[in-house]
Amino acid sequence: MNGRGRAGMGQGMRRRSLTVLAVLTVAAVGVTGCDAVGGDSPPGEEKKAQPAPRPTPVWDRSPDSVAAVGDSITRGFDACTVLSDCPEVSWATGTSPEVASLALRLLGGDRAVSHSWNYAKTGARMADLPGQMAQAATRLPELVTVLAGANDACRESPESMTPVADFRDDFEDAVATLRRAAPKAQLYVSSVPDLKRLWSEGRTNPLGKQVWKLGICPSMLADADVVDAAATARRESVQQRVEDYNGVLREVCEADERCRFDDGAVYEYRFGTDQLSHWDWFHPSKNGQARLAEIAYEAVTAKEG
């Protein structure tokens, strides 16, 4: 073979080599491109995103233990005998089937006895709540109930009612006390009852008005039959303070992910004479305690807070 033939053969081999190289390059680019848009997925089909795991709910609708803090309402004051506590009919932790307390509804009879505790005190104000909360926290309860504030409004006069700022500070202190000792405990917070409603109902009973003269909530109940401008203004100022307290309870509770406020349910409940103690016509009767238990149970077991 002459030199021209050999040269032509060499050129032909180079052309074939370049062609093969080009094909391989295109194939490589094609593979890279497939990886960039989803690997080996068939055309038009995208990879399905894996569902994210569901977060564990913060609120447990079936807590295993209950502690209660607050005032005379939670102690069942005047529900059984005159001027006496009756904690067995407490809406929060009582053991009476007649009331069917929150603890009974959540825990059942035996566990309500062994796994619920009542640290409320008759006459307590919000300033007393941090101390009660410290006691409750030692039990490491799964749920703590709060019903307090009526005594902050029920003073000798409207001028001596607890200032709203102090009420807020004390409640925030109580919540912080619980969080330091039992960070995962849940809080159910009841609104303060409508004291003016209690006055309007109780004043229809002569015996009740005589008991009121012993000093029960004088800022609202004093001179029960007087409805002149001064008495009306006095009662309205007490009512406004209760509404302000309930606003504080709502705001502080909303700032805590493990707290549920009753959304004003107790304040809005229209207590009648059947729900009032027939000893003082102001505190809840056994019937009234049962209504409080119903409201609390509905709030605690609701799917949404």
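Anyway, here's the lowdown on the structure attached to this text. (Residues numbered from 1 in each chain as written. Predicted model: local features only at pLDDT ≥ 70, side-chain atom pairs only at ≥ 80, totals over all residues. Heavy atoms only, no water.)

Further remarks concern the overall build of the protein chain. Across its full length, the protein chain carries 12 helices and 5 strands. Across the 305 residues that make up the protein chain, the buried fraction comes to 47%. (Helix = DSSP H or I, 4+ residues; strand = E, 2+ residues; numbered from the N terminus. Buried < 20%, exposed > 50% of the residue type's maximum accessible area, 1.4 Å probe, protein only.)

Before going further, it helps to examine the sheet that holds strand E4 (residues 186–189). The strand order across the open sheet formed by 5 strands is E2-E1-E3-E4-E5, and the pairing between neighbours is parallel. Two strands lie at the open edges of the sheet, namely strand E2 (116–118) and strand E5 (259–261), each paired on one side alone. Within the sheet, the average angular offset between the axes of one strand and its neighbour, ignoring direction, is 15°. One ladder, built from 3 bridges, connects E4 with E5; its direction is parallel. Across the sheet, residue tyrosine 188 finds its bridge partner in E5, namely arginine 260. Contacts from helix H4 (residues 129–137) reach strand E1 (66–70), strand E3 (143–147) and E4, with the element oriented near 165° to E1. Contacts from helix H10 (residues 229–254) reach E4 and E5 within the one sheet, and its direction differs from that of E5 by about 150°. (Pairing = 2+ DSSP bridges. Axes fitted to C-alpha atoms, helices over the stretch in contact; angles between N-to-C directions. Contact = heavy atoms within 4.5 Å.)

So, on to the side chain of aspartate 262. Looking at where aspartate 262 falls in the secondary structure, it is placed in the loop between E5 and helix H11 (265–268). There is no salt bridge for the buried aspartate 262, and the closest opposite charge comes from arginine 250, which lies 6.5 Å off by N-O distance. Among the polar contacts listed, one links the side chain of aspartate 262 to the side chain of serine 191, at a separation of 2.9 Å. A distance of 2.7 Å separates the side chain of aspartate 262 from the backbone nitrogen of glycine 264, its partner in a polar contact. Beyond its immediate chain neighbours, meaning those up to four positions away, aspartate 262 contacts Tyr188, Val189, Ser190 and Ser191. (Lys, Arg positive; Asp, Glu negative; His and termini not counted. Salt bridge = Lys/Arg side-chain N within 4 Å of Asp/Glu carboxyl O. Polar contact = N/O pair within 3.5 Å; in protein donor to acceptor, adjacent residues only side chain to side chain.)

Bringing the side chain of arginine 260 into the picture now. Within the secondary structure layout, arginine 260 lies in strand E5. Here alanine 299 takes part through its backbone oxygen, which lies 2.8 Å from a polar atom of the side chain of arginine 260.

Time to look at the nonpolar core. Trp91, Phe171, Leu195 and Phe282 are the most contacted members of the largest nonpolar core, which totals 72 residues. If one sorts the elements of this core by residue count, H10 sits on top with 7 residues. If we ignore the near neighbours within four places in the chain, the residues touching leucine 195 are Ala150, Ala153, Cys154, Cys217, Met220, Val238, Gln239, Val242 and Phe282. Listed in part, the 5 residues of the second largest apolar core include Cys86, Val89, Val99 and Ala290. (Core = buried A, V, L, I, M, F, W, Y, C linked by side-chain atoms within 4.5 Å.)

Here we come to unusual backbone geometry. Located in the positive-phi region is alanine 100, a residue other than glycine, with phi close to 55°. Checked against the element boundaries, alanine 100 lands in the loop between E1 and helix H2 (102–107). By relative accessible area, which is 24% here, alanine 100 ends up partly exposed. Positioned with a positive phi, leucine 140 is a non-glycine residue whose angle comes to about 50°.

Another point: the pattern of salt bridges. Counting across every chain of the model gives 11 salt bridges. We note a salt bridge from aspartate 64 to arginine 111, for which the minimum N-O separation is 2.7 Å. With aspartate 64 in the loop between helix H1 (3–36) and E1 and arginine 111 in helix H3 (residues 109–114), this pair connects stretches of sequence that are 47 residues apart. Residue class for arginine 111 comes out partly exposed when judged on its relative accessible area of 30%. Between arginine 291 and glutamate 294 there is a salt bridge whose closest N-O contact spans 2.8 Å. Placement of both arginine 291 and glutamate 294 in helix H12 (residues 286–301) is noted, with a separation of 3 residues, approximately one turn of the helix.

Right, let's talk about the state of the cysteines for a bit. Chemically, a disulfide is nothing more than a covalent bond linking the sulfur atoms of two cysteines. Here the structure, examined in full by the defined rule, presents 3 disulfides. Disulfide connectivity for the protein chain, with bonded cysteines indexed by sequence position, reads 1-2, 3-4, 5-6. (Disulfide = S-S within 2.5 Å.)

Okay, H10 next. Over its 26 residues, H10 extends 37 Å from the first C-alpha to the last, a length consistent with the 38 Å expected when each residue adds 1.5 Å. Burial in H10 covers these residues: Ala231, Arg234, Arg235, Val238, Gln239, Val242, Tyr245, Asn246, Val248, Leu249, Val252 and Cys253. (Expected span 1.5 Å × (residues − 1).)

What follows concerns H12. For H12, which comprises 16 residues, the first-to-last C-alpha distance of 22 Å matches the rise-based estimate of 22 Å (1.5 Å per residue) to within 8%. Of the residues making up H12, those classed as buried are Gly288, Gln289, Ala290, Arg291, Leu292, Ala293, Ile295, Ala296, Ala299, Val300 and Thr301.

By themselves, these observations are geometric and do not establish any function.
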